[in-house]
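Fold and contact review
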Amino acid sequence: MSVYERLRELNIKLPDSIKPAASYVMAVQTGSNLYVSGHIPRRDGQPWVGVLGINISIEDAGAAARSVALDLLSTLHDQLGSLDRIKRIVKAVVLVNSGPEFQEQHIVANGFSETLVEILGDVGKHARSAFGVAQLPMGVCVEVELVVEVKPV
């Protein structure tokens, strides 16, 4: 089953892809690896803000991480021309905007990881780091960057 068939089966429509907010590109390919810039969550078109352990729940941050997964798939579609060119999601780095006592960054990251596996199957299983940071751009609750192995054209 193609990735697009799976998206239809799950009734998921990918959002419009985002454009760089500053002086960088959304992705760079070297060899068979594509390095994708960090993506932040949006809710109703606005940055999804919050600090875990202070003013956003783990459930809401997990939903925000899921939205990042969909944004990243949209970027991958734009960069590769087809999501079916994804050979493997290699590595995800998940940054969680965390208060000093919050220790469950990995649970927030599950919202991202589980979404990729739900859509991509085994291709979406990846190595991952999830850690707390004192602040993220615009006060968002989570940011994710990826390394993706791609199939040749």
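Structure's up top.
The paragraphs below set out a description of the structure included in this document. (Residues numbered from 1 in each chain as written. Predicted model: local features only at pLDDT ≥ 70, side-chain atom pairs only at ≥ 80, totals over all residues. Heavy atoms only, no water.)

**Quick word on the side chain of serine 98**
Going by this rule: Per the convention used, a helix needs a DSSP run of H or I reaching at least four residues, while a strand needs a run of E reaching at least two, with both numbered from the N terminus. When accessible area is computed with a 1.4 Å probe and restricted to protein chains, residues below 20% of their type maximum are described as buried, those above 50% as exposed, and intermediate ones as partly exposed. Each polar contact in these results corresponds to two N or O atoms within 3.5 Å; when the atoms are within protein, one needs to be able to donate a hydrogen and the other to accept it, and residues that are neighboring in sequence are counted only if both atoms are side-chain atoms. What makes two residues a contact is simply this: any of their non-hydrogen atoms within 4.5 Å.
Within the secondary structure, serine 98 is located in the loop between strand E5 (86-97) and helix H3 (105-120). On the accessibility criterion, serine 98 (11% relative accessible area) is buried. In terms of polar contacts, serine 98 uses its side chain to reach the backbone carbonyl oxygen of valine 96, at 2.9 Å. Discounting chain neighbours no more than four positions away, the residues touching serine 98 are Val51, Leu52, Gln105, Gly132 and Val133.

**A few points about the packing of helix H2 (residues 58-80) against H3**
We count it as follows: With axes taken as lines fitted to C-alpha atoms, and helix axes fitted only over the stretch in contact, angles between N-to-C directions fall between 0 and 180 degrees. An angle below 35 degrees is read as roughly parallel, one above 145 as roughly antiparallel, one from 65 to 115 as roughly perpendicular, and any other as oblique. The sense of a crossing depends on the near helix, which, turned anticlockwise from the far helix by less than a right angle, makes the crossing left-handed and, turned clockwise, makes it right-handed. Polar here means any residue outside two lists: the nonpolar Ala, Val, Leu, Ile, Met, Phe, Trp, Tyr, Cys and Pro, and the charged Asp, Glu, Lys and Arg; Gly therefore counts as polar.
Two elements in contact, H2 and H3, have axes whose closest approach is 7 Å; the angle formed by their N-to-C orientations is 40°. Considering the angle they form, H2 stands oblique to H3. As for the relative orientation of H2 and H3, their crossing is right-handed in sense. Contacts between H2 and H3 involve Ile58, Ala61, Gly62, Ala65, Arg66, Val68, Ala69, Leu70, Leu72 and Leu73 from the former and Ile107, Val108, Gly111, Phe112, Thr115, Leu116, Glu118, Ile119 and Leu120 from the latter. The residue makeup of the contact of H2 with H3, split by class, is 14 nonpolar, three polar and two charged.

**Overview of H2**
Quick note on the threshold: By this rule, a helix spans an expected 1.5 Å times one less than how many residues it contains.
Relative to the 33 Å expected for 23 residues at 1.5 Å per residue, H2 spans 32 Å between its end C-alpha atoms, a close match to the ideal helical length. Just downstream of H2 lies glycine 81, where phi reads positive at about 85°.

**Describing the pattern of salt bridges**
Here is the rule: One speaks of a salt bridge when a side-chain nitrogen belonging to Lys or Arg is within 4 Å of a carboxyl oxygen belonging to Asp or Glu.
In total, this model carries five salt bridges according to the counting rule given. One salt bridge in this structure joins glutamate 118 and arginine 66, with 2.9 Å as the shortest N-O distance. Note that glutamate 118 is positioned in helix H3 and arginine 66 in helix H2, a separation of 52 residues in sequence. With relative accessibility at 30%, the residue glutamate 118 sits in the partly exposed group. What makes arginine 66 partly exposed here is its relative accessible area of 30%. Here glutamate 149 and lysine 87 are joined by a salt bridge, their closest N and O atoms 3.6 Å apart. With glutamate 149 in strand E7 (residues 142-150) and lysine 87 in strand E5, this pair connects stretches of sequence that are 62 residues apart. A relative accessible area of 46% means that lysine 87 is categorised as partly exposed.

**Here we look at unusual backbone geometry**
With a phi close to 60°, asparagine 11 is a non-glycine residue in the positive phi region. Along the chain, asparagine 11 falls in the loop between helix H1 (3-9) and strand E1 (27-30). Taking relative accessible area as the criterion, asparagine 11 reaches 71% and is therefore assigned exposed. Although it is not a glycine, aspartate 44 sits at a positive phi angle of roughly 55°. The topology assignment puts aspartate 44 in the loop between strand E3 (42-43) and strand E4 (46-47). The class of aspartate 44 is exposed, set by a relative accessible area of 78%.

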